[in-house]
Structure formats: C-alpha cells, structure tokens
Amino acid sequence: MRTIAVIALKGGSGKTTVATHLALAAHLRGLDVMVADVDPQHSASDALGAREESGPAVVTTTGAKLMSAQFAAVGLKKDLLIVDTAAGAVEDVGEAIVLADFSVMVVRPTLMDIAGLVRTLTLARKLGKPFTVVVNQAPVAREGLEAPVVKRALRGLEFMQAPLAPVILRGRTVYQTALERGRSVEETSDRSAAREITELWEFVAGELAKLTALEEAEAVELVDEEPAQE
Ligand SMILES: Nc1ncnc2c1ncn2[C@@H]1O[C@H](COP(=O)(O)OP(=O)(O)OP(=O)(O)O)[C@@H](O)[C@H]1O
Ligand SMILES: [Mg+2]
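Just so we're clear, the structure is a prediction, and the values are computed from it rather than from any experiment. (Residues numbered from 1 in each chain as written. Chains lettered and ligands numbered in written order. Predicted model: local features only at pLDDT ≥ 70, side-chain atom pairs only at ≥ 80, totals over all residues. Heavy atoms only, no water.)

A tally of helices and strands in the chain yields eight helices and six strands. Counting from the amino terminus, the chain carries its helices and strands in the arrangement β-α-β-α-β-α-β-α-β-α-β-α-α-α. Its C-alpha radius of gyration of 18 Å places the chain within 12% of the 17 Å reference for a compact globule of 230 residues. Over its C-alpha atoms, taken along the principal directions, the chain stretches across nearly 70 × 45 × 30 Å. The contacts in the chain between residues at least 6 apart in sequence include a share of 78% that link residues at least 24 apart. For the chain, the distance from the average position of its 24 positive side-chain charges to the average position of its 32 negative side-chain charges is 9 Å. (Helix = DSSP H or I, 4+ residues; strand = E, 2+ residues; numbered from the N terminus. Rg over C-alpha atoms; globule rule 2.2 N^0.38 Å. Contact = heavy atoms within 4.5 Å. Lys, Arg positive; Asp, Glu negative; His and termini not counted. Charge placed at Lys NZ, Arg CZ, Asp CG, Glu CD.)

As a further point, take helix α8 (residues 191–225). Side chains that are three or four residues apart share a direction in an α-helix, a result of its 3.6 residues per turn. Here α8 is 35 residues long and its end C-alpha atoms lie 50 Å apart, about the 51 Å a rise of 1.5 Å per residue gives. The secondary structure elements touched by the buried residues of α8 are β1 (2–7), α1 (15–28), β4 (80–84), β5 (102–107), β6 (131–135) and α7 (173–180). Sitting at the head of α8, D190 places a side-chain oxygen 3.2 Å from the backbone nitrogen of S192. (Expected span 1.5 Å × (residues − 1). Polar contact = N/O pair within 3.5 Å; in protein donor to acceptor, adjacent residues only side chain to side chain.)

One can find Q70 in helix α3 (residues 66–75). The class for Q70 is buried, based on a relative accessible area of 14%. For Q70, the side chain forms a polar contact with the side chain of T3, separated by 2.9 Å. Non-local contacts of Q70, meaning those with residues more than four positions away in its chain, are made with M1, T3, L81 and L99. (Buried < 20%, exposed > 50% of the residue type's maximum accessible area, 1.4 Å probe, protein only.)

As a structural note, the neighbourhood of ligand 1 is formed by 17 residues, with G12, K15, T16, T17 and N136 the closest of them. Side-chain polar atom of D39 to an oxygen atom of ligand 1: 3.2 Å apart, as the coordinates give it. For ligand 1, a nitrogen atom lies 3.0 Å from a polar atom in the backbone of R170. Against a free-state accessible area of 620 Å², the protein chains account for coverage of 77% of ligand 1. Broken down by secondary-structure element, the contributors of at least two residues to the shell around ligand 1 are α1 and α7. Partitioned by chemical class, the residues of the shell around ligand 1 number two nonpolar, eleven polar and four charged. (Near = heavy atom within 4 Å. Areas by Shrake-Rupley, 256 points an atom, 1.4 Å probe, with all protein chains shown as cover. Nonpolar A, V, L, I, M, F, W, Y, C, P; charged D, E, K, R; others polar.)

Below, the discussion takes up the packing of α1 against α8. Taken N-terminus to C-terminus, the directions of α1 and α8 make an angle of 75 degrees; their axes are 10 Å apart at the nearest point. Comparing their axes, α8 and α1 come out roughly perpendicular. The residues of α8 that touch α1, namely those facing V18, H21, L22, A25 and A26, are I197, L200, W201 and V204. (Axes fitted to C-alpha atoms, helices over the stretch in contact; angles between N-to-C directions. Parallel < 35°, antiparallel > 145°, perpendicular 65-115°, else oblique.)

Shown next, in the form of structure tokens:
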C-alpha cells in the first residue's frame, strides 16, 4: 500500500479538493482506496459521503492517530491511502509527511500563499521525503498566455526551488459542483478540468511507480551484497 499526504499550512488552498480528486482518480482506475480525513472540519468525509456510486472509503482521524489508520488500511488490504490534512496544523502535517510515501503541497498563485509555502517546504525538506507542489485555483490561461499573477507565482516557486507538478489546476466552478455529489471532475462533461485531474493523477502515480522501482533496485542490491552461504 502507498500513502499520499495532501498538505498546506495555509487554509483554503484546495487540499480537500485535490485529496478527494486523487482518491477518486485512483478509485476510477480500479484501486482500492481509503481517505484518512485528519481535518476536524471533515470536508473530505462530507464530500465523499455524498457520493451515490461506489467510491473510496473514508475514515476520520487525527494526526496523532494517523499511524493506526495507516495500519488499519494495510490490514484491509487497501492499495492506496490518501491523507487530507487541516490548515495550520503543523504537527499533523509533519506526521502526515513522515508517514506518507509522497506528499502533494497545494498552493494558490498568490504571494501570500507562496510565502506561506516556505514553512511547509522547509518541513518537507527537513524530513527528507519526496513531494511535489501543485498550483491550484489559477486563472485560465488565455490563448496559452498565463495571467501575470500566475507568472509571478511561478517565478516565486522557481526561486524557492519548489518541485512543481507538470500541471496547473485552474479555478473552475466544476471542481465545486462535482464534489457536492462526491464526484470527480473526471466524471463530468468538463473536459478541461477532467484533463487536469487525469494529468495530475498520472504524474503522482508515476512518482509512486518510481519509488517502487527504486525500492526494488535497492532490494536487489542488498541480496547481491549478502555473503554466499558456506
Ligand atoms: N480548482 C478550483 N476551482 C474552483 N474552486 C476551487 C478549486 N479548488 C478549490 N476550490 C474551492 O475553494 C474552496 C477551498 O477548497 P478546499 O476546501 O479544497 O481547500 P482546503 O485547503 O481543503 O481548505 P481548508 O484549509 O479549509 O481545509 C472550496 O470552496 C473549493 O470548492
Ligand atoms: Mg480541507
């Protein structure tokens, strides 16, 4: 089982939107998914609870109990655990990063959000775990040209050497309306939003696959290094 933590210390950046969409993307591709909702607001539980179709399982928990939730998910033979964290909860975010194989930081393209990201970046770097940064709620690019706010934000992120995801999520009402019924934008007719989530899922899944390949290579090295039995 793999664990993905969706984090940001700043509120309202889109953690729950991204966490539920990644969970739904994995579910729609046949994976057995659990979402650990660490936010006392329980937004992810509410969103996925509104879903009529089959969907990811959800448990509400706390940062301190996250490891138990992870063990439970392993016991239930889940393929993937996605952790949705609360804003401002530094300790919970730390726990989530430590327990996760990969973290997704969500940031809006505003200077305040980018400045707020410094702390999260520092935390993830200190913990030495792999992560990516996803810009969310960006204005739609007109004729391929990014709005000045987005350009500025991207320059700020480059300056901070933030590892950026290859897709930017745009501000689209469908992200809100789809989740009201526990659905992914991939299940709506909005092809632009669907493409964004498909690309984000494929990128994250690719990063997890790289981790698996790395672990397998390390395991082979260990076997090769073992002294031959007499
Ligand atoms: N790409 C988007 N397009 C349009 N609306 C969005 C998008 N992403 C998030 N939103 C909206 O912005 C608001 C905040 O998003 P969300 O709840 O996902 O953020 P959050 O980081 O989980 O917030 P909190 O810190 O309160 O947990 C919600 O109303 C959500 O529907
Ligand atoms: Mg949230």
